[in-house]
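Close look at the chain arrangement
So the chains spell out like this:
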Amino acid sequence: MLSVISRSNSEQADLILDRTAFFPEGGGQSCDVGTIGPWKVIDVQERDGEIIHTVNLGKDALRPAEGEHWPCAIDWPRRFDNMQRHCGEHILSGILYARCGGVNRGFHMGEDYMTIDISLEDDPTDPDTVRPEQIDMTLAMECERRANQVIWSDEKVTVFRFDKRDEVKDIPLRKVLAFDEDISIVCVGSPENASDCVACCGTHPSSAGQVGLIKIYKVENYKGMFRIYFEAGARALADYDHKHALLSDLAAGHSCSINDLPGKIRGLEERISSVRDELYHLKKALIRNERAGLDAALASSPEPAVIWTLEDLPLDDVFGMAKAYMGKVPRLLLLYAKKDTSFILASDGSIKCGSLVREYASFYSGKGGGNDVSARVIFSDEENALLFADLIQNHLR
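Cut-offs used in this document
- Residues numbered from 1 in each chain as written.
- Predicted model: local features only at pLDDT ≥ 70, side-chain atom pairs only at ≥ 80, totals over all residues.
- Heavy atoms only, no water.
- Patch = residues over 30% accessible without salt bridge, like charges linked within 9 Å, V, L, I, M, F, W, Y side chains within 5 Å.
- Areas by Shrake-Rupley, 256 points an atom, 1.4 Å probe, with all protein chains shown as cover.
- Salt bridge = Lys/Arg side-chain N within 4 Å of Asp/Glu carboxyl O.
- Lys, Arg positive; Asp, Glu negative; His and termini not counted.
- Charge placed at Lys NZ, Arg CZ, Asp CG, Glu CD.
- Helix = DSSP H or I, 4+ residues; strand = E, 2+ residues; numbered from the N terminus.
- Buried < 20%, exposed > 50% of the residue type's maximum accessible area, 1.4 Å probe, protein only.
- Arc of directions from axis to C-beta.
- Contact = heavy atoms within 4.5 Å.
- Phe/Tyr/Trp six-rings, centres within 6.5 Å; stacked < 30°, edge-to-face > 60°.
- Lys NZ or Arg CZ within 6 Å of the ring centre and 35° of its normal.
- Expected span 1.5 Å × (residues − 1).

Now for a negative patch on the surface. A cluster of like negative charges, contributed by D163, D166, E167 and D182, occupies part of the molecular surface. Position of D166 relative to the elements: it lies in the loop between β9 (157-164) and β10 (181-188).

Here it is, written out as structure tokens:
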């Protein structure tokens, strides 16, 4: 039976049921969705002790009324996905606590991965205490293997319910209770030798085997704790499928097996490094040759503005070459980076490079700026670039 408590707009309503199977968002877990009668449930929240179901009514659908009875259905694939992930978090957190004394201080179920934030809180003087510097992927992989062994053993998952705190005193919890009444304890394995035992109100499968798989992606420092990125269940398998397909494509592209791919990539990186080194020295030689030709042109040309075209050098290298002339050459030098349809202007300051760009570049849709001894300007095409240089040369004559 339902109650209609509000309508946020003409196409939505908030409903309360006398009983509900819908899990409200909370504890790091997203809510259930599904249907109530003909209406799609898009959000479920707990407010002031009531479970609020927000439904889409649609423009032409029936409107819910007080006291009506309607069948309800949750989206089971979403629910089971949440169950696998949440239980996977319990198992991994329990293993981390047993292995490292690490306390789970934060848990988030994101769309692409889950995270848990682990705080090391054991006595630092104890020689068996795990040190912060020991938390790395090697230790994480050990905990991952142990967590998956719990799954392979298909340990039973049991929820114990208690009215008051003192009823829980004989159950070994990995985390201190934060409340005094209406307590739910989720236990993976037997309470006497549990893989995990902690207070939780989330949804879980009836056995660990239904989690299927736990996979850790990375570990990083986070606010004095350690954040572990991981996934569980069908999502962990989907991630494996995706990455295996990527590796297979890469291996096929290199005509090798996946196992031989690292060696192929290392060999390719070595060749790329060698080519880069060769390119660096060839570029240096080219710049030396261009400078020798430019110096000869400056020595022989009577023009107040000398244009020098560089066919193959990108703009950054042209600018680096121009630095040798900035503040020194007693006329205007226009270095044309043909690949980028750009000019670098240089002078000793007697001819104001920046002023020339600001005054004339816009005539030919050029954009740039600079100061007295240097400036740069870029054009949309070569015709405009050369018209600008011709104008400057004629102006200075």
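The structure having been displayed, the exposition proceeds.
As a further point, take helix α5 (residues 315-322). For α5, the full list of buried residues reads L315, D317, V318, M321 and A322. Here the buried residues of α5 occupy an arc of 160° about the axis, which is enough to place them on one side. In this structure, the buried residues of α5 make contact with α4 (261-300), β14 (305-310), β15 (332-337), β16 (342-346) and β18 (374-378).

Enumeration over the complete set of coordinates arrives at 7 aromatic pairs. With 5.1 Å between their ring centres and 70° between their planes, Y113 and Y229 make a pair best called edge-to-face. In this pair, Y113 sits in the loop between β7 (102-109) and β8 (114-120) while Y229 sits in strand β13 (residues 225-232), placing the two residues 116 residues apart along the sequence. Clustering of aromatic rings is evident, with ring pairs tying together Y336, F343, F379 and F388. Against the face of Y229 rests K218, its NZ or CZ located 4.6 Å from the ring centre. Positioned above the aromatic ring of Y217 is the side chain of K243, whose terminal nitrogen or guanidinium carbon lies 4.5 Å from the ring centre.

A contiguous nonpolar surface patch, about 220 Å² in accessible area, is contributed by L247, L250 and I258. Residue L250 is classed as partly exposed on the basis of its relative accessible area, which comes to 44%.

This next bit is on unusual backbone geometry. Non-glycine residue K223 carries a positive phi angle of around 50°. The residue K223 is located in the loop between β12 (214-222) and β13 in this model. Residue S365 is not a glycine yet carries a positive backbone phi of 60°. Assignment of secondary structure puts S365 in the loop between α6 (353-360) and β17 (367-370).

This part takes up helix α1 (residues 76-100). For α1, built from 25 residues, the straight-helix expectation of 36 Å at 1.5 Å per residue is met to within 8% by its first-to-last C-alpha distance of 35 Å. Burial analysis of α1 places 18 of its 25 residues in the buried class, which makes it a mostly covered element. Directly beyond the C-terminal end of α1, a positive phi value near 70° is found at G101.

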